[in-house]
Structures are given as C-alpha cells and as structure tokens.
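# A look at the structure
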Amino acid sequence: MDWSDRIGRRLKLRDLHILMTVADTGSMAKAAARLRISHPAVSKAISEIEGALGVRLFDRNSQGVELTAHGEVLLRCGINVFDEMQQGLRSLEHLSDPNTGEVRLGCTDIILHSLVPLIVRKFSGKYPGVQLDVKLTNPGEHQIQELRERKIDLLMTRATGQQDDFHSEVLFDEPFVFVVGAHSELARKRRLTLTDIIKGNWVLPPYDGAPGALVSEVFRANGFAPPKPLVKTIAIQLTVSLIASGEFVGILPTSVATLGVHQAALRVLPLKSPGPRISAEIVFLRNRTLSAAVQSFLNCTREVAKSLVHVS
C-alpha cells in the first residue's frame, strides 16, 4: 500500500483531531474526556494511525504519553490541515458578507504602542464587522513559533531574520533619534550636543539583543562608546515614561518618538544620528491561504506605512 492509499483510505480528519488532542493534553484519558468519547476509542484511533503509517507516534509512560519525532511531524501536518480548512471557511463566509471575519495580529511591544493604533483605527473604521485579536508577542524565536503554529495570522515586528517558511515585508525603515522629556531642563536648551547628554541617565534596550545592538552602533557612529544604561528594558511604555519624567534620556526609532501618542511627552533633539536604520516589518507564512479579512488588514497596513515614510 503506497502513501496515497494510506492517507486516502485510512487517515481521517477525526483521527488527526484525536491525535492533536492527545498531544495537547499529554494523556489519552484526558483527551477522551475533552473529546467526550471513551478511552478505548482514543487508544484504538491512535493505534490504527500508527498501523496505517507504520511508525510510532507516541511513547507511553506512567505519566501519560509523549510525541515521538514521527508524531511531531504528523502533529504539524494536522495543525496545517485544520488551519487551512478554517481559513477556507472564513473566506467562504467573507464571500457572502465582505465585512466579516477575524484577524489575529501578533506584535512586539514597541510596535504595539506606536504603529498599531494608527492601523487599527483606520482598518476598524473601514471594516467595522471584522474582529481584531491583537496580542503582544515576545521578540525572538517565540514570535516566529507563534506564526508557525498558526496562533496568529500576521506578525508585526522590527526584525525577524530570514526564514525559509515565511515572507517578511519591510513596511519602512527609519533612523534612530535622541530624545529627552518635553518639559525637561535639557529640552529648554537652545543648543545641545551629544556630549551634553552622554553622561545622563540612559534608558536603553540591552546591548545583547537585536535592538540594543543597533543602538550601540548609533553611539559608535557618532563617535562615542555606548554608555552604560541606568535602566535596561525593551518595554516602550516604561522607556517613554522615564524619559518624559525629565530624569532620563534615550534613543528611539523616529516614528515612535514623533507619533501623536508620544509627541507631547518627548522632545527629539536636533542632533544628527548617523548609523544603522531600523525597519518595521510585517510577516506571514509562505504558501498559506490568507482570508479576505487578513488580506484587507495587510493592505491597510501598507497604506498607513506609506503615510509614515516622510518621518524617516
């Protein structure tokens, strides 16, 4: 029996659903309770899948079950199959009503508190029937994993690195700017150089992360060694709050410092800041069917990004 026969005759969506539930709960008994079927029925379904494919999917132990390498592969297939079906059903729904559906957006903290509000207001005004599920994602591999597991439709971030299985589209790139509190003593000075603030209380991202590495290069491009920050954080609300207090200074991407939500609290210093630029990107899986709602959100994001190009 070849693989097409095994899939077409022996492997059903119900089997994949059972496998996914067992993997999620870590126990056939718990999976049976969740699915409201008998424990023997779950055990039989898993055994039949293993027999059809000729591989072991779970290792059994006293605590429950654990996926084997073969099981991990089939689990990913199951996730993809159900996701594609869900996306297809969403698209069918959208055909009868162009203002329905859901968009699941993941974004990093700095994007969430700068670019996203502009996009959400524009999109929701145009598509009030589409529900937006916006969640904060941690930078790094974790955010990519959420995209791969299809827990989110789109990811908005500052930098992801190239990956074979997803498409990363640069919305715009921009320089960094030096900022102080709008009502601080420094803000009242007519002429200010980096020398005047280099010994200040800096709030900066950690240098061992991607944003911090770019920030350190900005200092070097301006002829200074990166200062030791008094506060290390990637939390944008904390960063802006500390700078706005007048007791701290910092560096931010241009759009973050100049968008309306932060404009009143911060003053951008008229200093040239040569060095690396930082991009804003939107990322989605390659070869994945995007629902009409997600595609509309993607188009709206591109429109807003174009309007911000002048700030760079």
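Within the structure shown, the criterion is met by five aromatic pairs. On the numbers, 6.0 Å between centres and 65 degrees between planes, the contact of F178 with F219 is edge-to-face. Residue F178 is found in strand β7 (residues 176-181), and its partner F219 is found in helix α10 (residues 210-221); the two are separated by 41 residues along the sequence. There is no split in this pair, since F178 and F219 are both buried.

The next subject is the packing of helix α2 (residues 13-25) against helix α4 (residues 39-53). Across the interface, α2 lies against α4 with an axial gap of 10 Å and an inter-helix angle of 110 degrees. Taken as axis vectors, α2 and α4 run roughly perpendicular relative to one another. In terms of crossing hand, the pair formed by α2 and α4 is left-handed. Where α2 abuts α4, its residues D15, I18, L19 and V22 lie against V42, A45, I46 and I49. Broken down by class, the residue content of the contact of α2 with α4 amounts to seven nonpolar, no polar and one charged.

A few words on the environment of P274. In this fold, P274 is placed in the loop between β11 (266-268) and β12 (278-285). Residue P274 is classed as partly exposed on the basis of its relative accessible area, which comes to 39%. With near-sequence residues (within four places) excluded, P274 lies in contact with V218, A221 and N222.

Quick look at the sheet that holds strand β3 (residues 102-107) now. Spatially, five strands are ordered β4-β3-β5-β12-β6 in an open sheet, and the strand pairing comes out mixed. Because the sheet does not close on itself, it has two edges, and the strands there are β4 (131-136) and β6 (166-174). When the angles between neighbouring strand axes are averaged without regard to direction, this sheet yields 20 degrees. When strand β5 (residues 154-157) meets β12, the two strands line up antiparallel, connected through three bridges. Bridge pairing links L155 to V283 in β12.

With 40 residues, the main nonpolar core has I111, L115, L154, M156 and L252 as its most contacted residues. Considering every element that reaches this core, the biggest residue donor is helix α14 (residues 292-308), with eight residues. The contacts of L115, once residues within four sequence positions are left out, are M156, L171, F172, L259, V304 and L308. If you look at the next biggest cluster of nonpolar residues, it comprises 19 residues, including L16, V42, L53 and L67.

What follows covers unusual backbone geometry. Glycine aside, the phi torsion of most residues is negative, and most peptide linkages are trans. Of note, the phi angle at R150 is positive, near 60 degrees, even though the residue is not glycine. With respect to the helices and strands, the residue R150 is situated in the loop between α8 (141-148) and β5. Its identity is not glycine, yet N287 carries a phi of approximately 60 degrees, on the positive side. Looking at the element boundaries, N287 is found in the loop between β12 and α14. Residue class for N287 comes out exposed when judged on its relative accessible area of 81%.

Another point: the pattern of salt bridges. Tallied over the entire structure, the rule returns 17 salt bridges. In this structure, D83 and R150 form a salt bridge, with 2.8 Å as the shortest nitrogen-oxygen distance. Placement of the pair is D83 in helix α5 (residues 69-96) and R150 in the loop between α8 and β5, with a sequence separation of 67 residues. For the residue pair D83 and R150, the accessibility class agrees, reading buried in each case. Put simply, R104 and D153 hold a salt bridge, and the shortest N to O gap is 2.9 Å.

Calculation rules
Residues numbered from 1 in each chain as written. Predicted model: local features only at pLDDT ≥ 70, side-chain atom pairs only at ≥ 80, totals over all residues. Heavy atoms only, no water. Phe/Tyr/Trp six-rings, centres within 6.5 Å; stacked < 30°, edge-to-face > 60°. Helix = DSSP H or I, 4+ residues; strand = E, 2+ residues; numbered from the N terminus. Buried < 20%, exposed > 50% of the residue type's maximum accessible area, 1.4 Å probe, protein only. Axes fitted to C-alpha atoms, helices over the stretch in contact; angles between N-to-C directions. Parallel < 35°, antiparallel > 145°, perpendicular 65-115°, else oblique. Left-handed = near helix turned anticlockwise from the far one by under 90°. Contact = heavy atoms within 4.5 Å. Nonpolar A, V, L, I, M, F, W, Y, C, P; charged D, E, K, R; others polar. Pairing = 2+ DSSP bridges. Core = buried A, V, L, I, M, F, W, Y, C linked by side-chain atoms within 4.5 Å. Salt bridge = Lys/Arg side-chain N within 4 Å of Asp/Glu carboxyl O.

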